[in-house]
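Inside the fold
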Amino acid sequence: MLRDRILRDDMFRDTISKIKKVILIVVLIISVFLYVCRPFFHGFFMRCYTNPAFLLAFVALGAGIMIRLFSDRFKWTIVVGAIFFVALLVGSMFVAEGKRVEIYKDISSNIVEIDTFPESTSIRLMPYQIARNNMTNNLTLEQFRLGKLDFVILDGEMWWNAALIPDGTWIHYRMKPYGAMFINACETETEIIKIKQDLEVAEGIGISDNIYWRLYKDIDYWSDYSDPFYIPYDNNTKIMTVVSKIDYKLDSWTFVPLRKPVFGGVVLIDGEGNMKYVSPEKIDEEPILHGQQVFPEAIARLYGESFAYKRGVWNAWIAHKDQTELNDVPGEGNFMPYLIMVQDENGEPIPMWFMALEPYGTTYGLKKVLLVDAIDGTVYSWSKGENEQSVGAVKSIEHAKSTDTFRNVNWADFRLIEPIPIFKEGTMYWKLTMTRYTQTGITNIVLIEASNPENVIVFKDGAEFQQFLTEGATDTVKMSMDQLLHEIDVLLQKIKDLPSDAKSPILVELEEKLERLLSLLEES
């Protein structure tokens, strides 16, 4: 019997030894696979890299499994590892919140406080969805569709732009993008430019020529990258793809390690797929990047979100004292920050990321405005006075709908969309676009004064709106009054031209009232 037991023990040890070898081989194969195909797993690995507590959770669980597998001494190692896994996984969620606390500490000492707004310029008139619909309606290439829309600055004006990427599973892997499409965002009329150029490295294609696959493998795996935008050059015959790079700086929050996002520069990709990394310090030396919004939108939004954590996580989660929050307009596909153009001290147009911060909770008043320089990331802050009123983006839509001008509008057929800020002579307005539900054209442009929401100005087209910007509200109102007087006079004349026997008592009464109204308006 002793001999049989010894034999069984030897067989068991041989089996365990073989299992260990198989496990080591499998681990080696998996490691090689993960390295070769690492771009596929970038999201998971970046989560571990930027939030070490998340990584430690898997290390704890893996260690427990490996110790239990390779040694029979520690029977409870898997249980202990699982407990640490859950604890660290929950802790990693707190670390994500702590990141915003540390971001606010970083930027708070460098915030530039302003008491007046810079003057707006090159105002964006065409909303995201109308631009996308118009670009799609003007696309006649059966094998291609629009990629993601973003902005590019051309001659001081904002243009929506998107790559024309292969449309279909098979051609996704077989074809290159056709080129890119551009539409002027500062006009109400559709002005489209289409540039044909095969893009060897681009979004929307697979696998190894995909822009992110190449960025992760050839530039920096341990970084994130923004959505690409496209700059036409060489007399609109070539396209340069631009992607902003987001690096991560090691820091700690209450002795817990974490990594905070920082602007890491820009990557330029030409049509042949050649990549060039440009550090933040060298951006000014690249003429093609002059005046472009290279500072990442994602970091600008984190700046806005971090203001909710200026008193710490406890206050942000529980107490809510003096807390602000970003309130995106429900139902809009375009979230803050909004890209706007303002004039610098020399009158030159510069891009800014705009965010409206509202008090925490169900109130929708405007408490603070953040402007983040879209070139170098400088943060400017404007705060509302204690006794001043100011409406936010969400409530601006309600104020517009309640005006007499839109009293008879059937809102089942029309929408007011995309409240964008406009600064004119120190006053902030919300600019809304009225459109039909198809969202293919602009019906009216509406301005609501943020500090006096009863002041609502409606423009019938872009020309009338531009006149307001250049000549002011007085001329616009005068023009509208002249038009009103003319229309009343025309209507009155039509009633007077009717035969006497054709006039009903109601028409006679209407004629008298219109004459009195016309007289009063002319006197005023």
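Quick notes on the rules
Residues numbered from 1 in each chain as written. Predicted model: local features only at pLDDT ≥ 70, side-chain atom pairs only at ≥ 80, totals over all residues. Heavy atoms only, no water. pLDDT = per-residue confidence, 0-100. Helix = DSSP H or I, 4+ residues; strand = E, 2+ residues; numbered from the N terminus. Contact = heavy atoms within 4.5 Å. Buried < 20%, exposed > 50% of the residue type's maximum accessible area, 1.4 Å probe, protein only. Pairing = 2+ DSSP bridges. Axes fitted to C-alpha atoms, helices over the stretch in contact; angles between N-to-C directions. Salt bridge = Lys/Arg side-chain N within 4 Å of Asp/Glu carboxyl O. Polar contact = N/O pair within 3.5 Å; in protein donor to acceptor, adjacent residues only side chain to side chain. Phe/Tyr/Trp six-rings, centres within 6.5 Å; stacked < 30°, edge-to-face > 60°.

1. Things to note about the confidence of the model for the protein chain
With 85% of its residues at a pLDDT of 70 or more, the protein chain has an overall mean of 85. Confidence, read as mean pLDDT per element, is least for helix α12 (residues 473–496) in the protein chain (64) and greatest for strand β11 (residues 275–278) (98). Overall, residues 475–479 carries pLDDT values under 50, and its contacts beyond four positions in sequence, including any with other chains, amount to 7 contacts.

2. A word on the pairing of strand β4 (residues 157–166)
Counting buried positions along β4 yields 9 of 10 residues, so the element is predominantly enclosed. Looking at chain direction, strand β2 (residues 144–146) and β4 are connected through 3 bridges and run antiparallel. Across the sheet, the residue bridging to F144 is P166, located in β4. As defined by bridge partners, strand β3 (residues 150–154) adjoins β4 across 5 bridges and the pair is classed as antiparallel. Paired with D150 across the two strands is N161, which belongs to β4. Two successive antiparallel strands, β3 and β4, enclose a turn made up of 2 residues, where D155 displays a positive phi of approximately 55°. Sheet topology note: the β4/strand β5 (residues 179–184) ladder contains 6 bridges and is antiparallel. The residue of β5 that forms the bridge with W160 is I183.

3. Some details on the sheet that holds strand β18 (residues 427–436)
If you trace the 4 strands from one edge of the open sheet to the other, you get β17-β18-β19-β20, paired in antiparallel fashion. Among the strands making up the open sheet, the edge pair consists of β17 (414–424) and β20 (452–459). Averaged over all adjacent pairs, the angle separating strand axes in this sheet is 25°, with direction ignored. By the bridge criterion, 9 bridges tie β17 to β18 in an arrangement that is antiparallel. Pairing of I422 across the sheet is with Y429, part of β18. Contacts from helix α10 (residues 393–401) reach β17, β18, β19 (444–449) and β20, with the element oriented near 115° to β17.

4. Some words on the pattern of salt bridges
The full count for this structure, using the stated rule, is 23 salt bridges. K260 is the salt-bridge partner of D106, the closest N and O atoms lying 2.4 Å from each other. Taken together, the residues D106 in helix α4 (residues 77–108) and K260 in strand β10 (residues 256–269) connect sequence positions 154 residues apart. Take D106: its relative accessible area is 36%, and that puts it in the partly exposed class. By relative accessible area, K260 is classed as buried at 2%. Residues K245 and D220 are paired through a salt bridge, measuring 3.2 Å at the closest nitrogen-oxygen approach. Of this pair, K245 sits in strand β9 (residues 238–253) while D220 sits in the loop between α7 (211–219) and β7 (224–225), placing them 25 residues apart in sequence. Judged by relative accessible area, which is 5%, K245 ranks as buried. Exposure remark for D220: the relative accessible area of 23% places this residue in the partly exposed category. Overlapping salt bridges, with partners in common, bring together R100, R301, E305 and D328 in one network.

5. A word on the side chain of S223
When you line up the elements, S223 lands in the loop between α7 and β7. A relative accessible area of 0% places S223 in the buried class. Side chain to side chain, S223 and D220 meet in a polar contact 3.0 Å long. Residue contacts for S223: discarding those within four places in its chain leaves H42, M46, Y216, K245, I246 and D247.

6. Considering the packing of aromatic side chains
A complete count under the given rule lists 21 aromatic pairs for this structure. With 4.8 Å between their ring centres and 40° between their planes, F117 and W382 make a pair best called tilted. Here the residue F117 occupies a position in the loop between β1 (112–113) and α5 (128–137), and W382 occupies one in strand β16 (residues 379–383), the gap between them amounting to 265 residues. In this structure, F117 and W382 share a single accessibility class: buried. Between the aromatic rings of F354 and F423, the centroid separation amounts to 6.3 Å while the plane-to-plane angle is 55°, which identifies the pairing as tilted.

7. Points about the environment of V379
Structurally, the position occupied by V379 is in strand β16. For the pair V379 and G304, spaced 75 residues apart in sequence, the C-alpha separation works out to 9.8 Å. Setting aside chain neighbours within four positions, we find V379 in contact with N110, I111, V112, Y303, L370, L371 and V372.

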